[in-house]
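Summary of the model geometry
Residues per chain are reported as follows:
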Amino acid sequence: MANKDFLKWGRKLGLAEDALAEIDRISSISIDDKTVRTDCIYSPESIVDLWDTNGMQIDPAKHEFAVVGGCANGDPIALSLRAHEIGSVWYINHERMHREDLRIISVKMADSITHFYKSLCTDSKFPYDFYSASNGNRR
């Protein structure tokens, strides 16, 4: 069952309930059942805390993003909050995120968190960070 506070928070942002439930599901997969690194998707509590405190000091809301995870190298994983692409998953370049518009230094990875996670689990060529995605290592 999805975290009710997280669902309420996500609904206020306009995120689809199935996307929020999928984040909750992914973040709660037990270590024994993981087929790939799923700790790249933060817990619902951590996602809300990052939003409330601007914990990365990049103001993702200003750029119509909600940070929901991070790549091993520090690149944030974000969901878009823009109406025409809401819920799509993006990598943000961590090396430039404090000095540039996040929309300019990001790359779309999937239309949904479900598609992102499935690709991460099943596609060995799926990019693991912004650099690999922006340098043509993406299908």
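Above: the structure in question.
Computed from a predicted structure; not experimentally measured.

1. Points about the pairing of strand β3 (residues 89–92)
Along β3, one buried face is formed by V89 and Y91 and the opposite face, lined by W90 and I92, is buried too. Inspection of the sheet shows strand β2 (residues 76–80) paired to β3 by 3 bridges, in the antiparallel sense. Looking across to β3, one finds that A78 is bridged to W90. As paired strands, β3 and strand β4 (residues 106–110) are joined by 4 bridges and run antiparallel to one another. Paired with V89 across the two strands is A110, which belongs to β4.

2. A few points about the packing of aromatic side chains
Per the counting criterion, the structure on display carries 5 aromatic pairs. Ring geometry for W9 against W51: centres 5.8 Å apart, planes inclined by 80°, an arrangement best described as edge-to-face. One end of the pair, W9, is in helix α1 (residues 4–13); the other, W51, is in helix α3 (residues 44–53), and 42 residues separate them in sequence. A relative accessible area of 8% places W9 in the buried class. The exposure class assigned to W51 is partly exposed, which follows from its relative accessible area of 25%. Through a chain of ring-to-ring contacts, the aromatic side chains of F6, W9 and W51 assemble into a single cluster.

3. Description of the nonpolar core
With 31 residues, the main nonpolar core has I23, I77, Y91, I113 and F116 as its most contacted residues. The residues touching F116, leaving out its near neighbours within four places in the chain, are I41, I77, V89, Y91, M109, A110 and F126. Formed by 10 residues, the second largest nonpolar core is a distinct cluster that contains I58, F65, M97 and L102.

4. Some words on α3
If you check which residues of α3 are buried, you get P44, I47, V48 and L50. Down the axis of α3, the buried set is contained in an arc of 155°. They therefore lie on one face. Buried positions along α3 lie against α1, α2 (17–27) and β1 (65–70).

5. Structural notes on the side chain of D123
Tracing the sequence through the fold places D123 in the loop between α4 (113–122) and α5 (130–134). Owing to a relative accessible area of 16%, D123 belongs among the buried residues under this scheme. A distance of 2.8 Å separates a polar side-chain atom of D123 from the backbone nitrogen of K125.

6. Some words on the pattern of salt bridges
Taken as a whole and assessed by the stated rule, the structure comprises 6 salt bridges. Between R11 and E17 there is a salt bridge, with its nearest N and O atoms 3.0 Å apart. The class for R11 is partly exposed, based on a relative accessible area of 45%. Salt-bridge contacts for E64 lead to R82; the nearest nitrogen and oxygen are separated by 2.8 Å. Taken together, the residues E64 in the loop between α3 and β1 and R82 in the loop between β2 and β3 connect sequence positions 18 residues apart. A residue is classified by how much of its surface remains accessible, and E64, at 33% relative accessible area, is partly exposed.

What counts, and at which threshold
Residues numbered from 1 in each chain as written. Predicted model: local features only at pLDDT ≥ 70, side-chain atom pairs only at ≥ 80, totals over all residues. Heavy atoms only, no water. Buried < 20%, exposed > 50% of the residue type's maximum accessible area, 1.4 Å probe, protein only. Helix = DSSP H or I, 4+ residues; strand = E, 2+ residues; numbered from the N terminus. Pairing = 2+ DSSP bridges. Phe/Tyr/Trp six-rings, centres within 6.5 Å; stacked < 30°, edge-to-face > 60°. Core = buried A, V, L, I, M, F, W, Y, C linked by side-chain atoms within 4.5 Å. Contact = heavy atoms within 4.5 Å. Arc of directions from axis to C-beta. Polar contact = N/O pair within 3.5 Å; in protein donor to acceptor, adjacent residues only side chain to side chain. Salt bridge = Lys/Arg side-chain N within 4 Å of Asp/Glu carboxyl O.

Coordinates in, geometry out; function isn't part of it.
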